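# Examination of the molecular architecture
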Amino acid sequence: MSLYDDAVLVLKGYEGQAELRQAYLDHLAAHPDGMWKACPAGHLTASALVIDPEHGRVLLTLHRKLRMWLQMGGHCEPGDPTLQAAALREATEESGISGLTLLPGGPVRLDRHPLPAPCHWHLDVQYAVLAPPGAVQEISDESLDLRWYAYDEVAGVADESVVRLLDATRARL
């Protein structure tokens with residue numbers, strides 16, 4: 001199965017955000033290259049919120065280009081077999097933490113947001129991953145900083161999309 005086919009199946013199985021989910025499916029139907037950064041109309045991305053429920057905190061990255069505190073994530077790559085695998089790869093690469101595990105149940109949320117050219121639109125499929133006990137982060141080239149934030153601190157540093165992702169993740173926990 002291709003990554004494109006996996007994305008269609010994941011989105012068809014996702015039960016929330018019906019209108020936005022359909023917009024993602026319509027985008028893929030209209031753009032066979034809609035999984036890739038090169039698609040001029042926008043493309044799917046995969047992200048994951050790194051969460052440590054035992055300590056009531058999440059790990060956010062200060063994104064090098066956007067200069068915002070965000071969850072880990074980014075573009076799908078040809079070697080990614082699934083959206084879930086892409087999200088886990090991105091979270092591992094950007095956090096430096098090995099042993100992350102996906103929160104069961106598939107995507108937690110969808111979030112579509114505009115970006116400066118050449119990307120135009122990200123149609124983000126958002127997952128959550130659990131940090132293993134004693135996890136120690138290591139900054140990547142894509143980040144200016146990595147920092148753990150208590151749940152109640154997130155709204156003070158991140159935008160509403162991250163707050164919504166945290167709320168949805170906590171509801172699933």
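Here, the structure is the one placed above.
Residues numbered from 1 in each chain as written. Predicted model: local features only at pLDDT ≥ 70, side-chain atom pairs only at ≥ 80, totals over all residues. Heavy atoms only, no water.

### Regarding the overall build of the protein chain
Where we set the bar: Going along the chain from the N terminus, every DSSP run of H or I of four or more residues is numbered as a helix, and every run of E of two or more is numbered as a strand. Throughout, the radius of gyration refers to the C-alpha atoms, and the reference size of a globule is 2.2 Å times the residue count to the power 0.38.
Counting its regular elements, the protein chain contains five helices and eight strands. From first element to last, N terminus to C terminus, the protein chain shows the α and β order α-α-β-β-β-β-α-β-β-β-β-α-α. Against the 2.2 N^0.38 benchmark of 16 Å for 173 residues, the protein chain shows a C-alpha radius of gyration of 15 Å, consistent with a compact globule. In terms of overall dimensions, the protein chain has C-alpha extents of about 45 × 30 × 30 Å along its principal axes.

### As for the pattern of salt bridges
The line we're drawing: Salt bridges are identified by distance alone: a Lys or Arg side-chain nitrogen within 4 Å of an Asp or Glu carboxyl oxygen. Here's how the labels work: a residue is buried when its accessible area is under 20% of the maximum for its type, exposed when over 50%, partly exposed in between, all with a 1.4 Å probe on protein chains only.
In this structure the tally under the stated criterion is seven salt bridges. We note a salt bridge from E90 to R89, for which the minimum N-O separation is 3.1 Å. Residue classification places R89 among the buried residues on the basis of a relative accessible area of 16%. With a shortest N-O distance of 2.6 Å, R147 and D145 are connected by a salt bridge. Judged by its relative accessible area of 39%, R147 is partly exposed. Through salt bridges with shared partners, a single network forms among E77, D80, R89, E90 and E93.

### Things to note about the layout of surface pockets
As a reminder, the rule being used: The pocket and cavity definitions rest on a 1 Å grid over protein atoms only: a 1.4 Å probe that fits but cannot leave marks a cavity, an open set with protein on both sides within 12 Å along at least five of seven lines marks a pocket, and residues lining either have an atom within 4 Å of a point. Grid points are joined across faces, edges and corners, and a volume is the space filled by probe spheres set on the points. Three classes are used, and their members are as follows: Ala, Val, Leu, Ile, Met, Phe, Trp, Tyr, Cys and Pro are nonpolar, Asp, Glu, Lys and Arg are charged, and the others, Gly among them, are polar.
One number sums up the size of the largest pocket: a volume of about 770 Å³. As for the largest pocket, its lining consists of 33 residues, and the residues nearest its centre are H63, L66, H75, L115 and H122. Secondary structure elements with two or more residues in the lining of the largest pocket: β1 (43–52), β4 (72–75), α3 (83–95), β6 (109–114) and β7 (121–130). Here the lining of the largest pocket takes four residues from β4, the largest share from any one element. Residue classes in the lining of the largest pocket are distributed as 10 nonpolar, 11 polar and 12 charged.

### Considerations on unusual backbone geometry
Look at Q17: it is not a glycine, yet its phi comes out positive at around 50°. If you trace the backbone, Q17 turns up in the loop between α1 (3–13) and α2 (18–30). A positive phi angle, near 55°, is found at R67, a position not held by glycine. Secondary-structure assignment places R67 in the loop between β2 (57–63) and β3 (69–70).

### Re the packing of aromatic side chains
For the record, the criterion: Centres within 6.5 Å make a pair out of two Phe, Tyr or Trp rings, where for Trp the six-membered ring is used; the pair is then stacked when the planes are under 30 degrees apart, edge-to-face when over 60, and tilted otherwise. Note on criteria: charge over ring means Lys NZ or Arg CZ within 6 Å of the ring centre, with the direction from the centre no more than 35 degrees off the ring normal.
Counted under the stated rule, the structure contains one aromatic pair. Where W69 meets Y149, the ring centres are 5.3 Å apart and the plane angle is 80°; that geometry is what we call edge-to-face. With a gap of 80 residues between them, W69 in strand β3 and Y149 in strand β8 (residues 143–150) connect regions that are remote in the sequence. A relative accessible area of 12% means that W69 is categorised as buried. For the cation-ring pair, R112 lies above W121, with the distance from its terminal atom to the ring centre recorded as 6.0 Å.

### Description of the nonpolar core
Selection criterion: Side-chain atoms within 4.5 Å link the members of a nonpolar core, which is a set of buried Ala, Val, Leu, Ile, Met, Phe, Trp, Tyr and Cys residues. Note on contacts: a residue pair is in contact if any heavy atoms of the two residues lie within 4.5 Å.
L11, M35, L44, V50, L83 and V125 are the most contacted members of the largest nonpolar core, which has 33 residues in total. Elements that contribute at least two residues to this core include exactly α1, α2, β1, α3, β7 and β8. Broken down by element, the residue count for this core peaks at five residues, all from α1. With residues near it in sequence (within four places) discarded, V125 still touches L11, Y24, L44, T45, A46, S47, L83, P107, R109 and L110. Ranked by size, the runner-up nonpolar core spans 18 residues in total, among them L70, A128, Y149 and V154.

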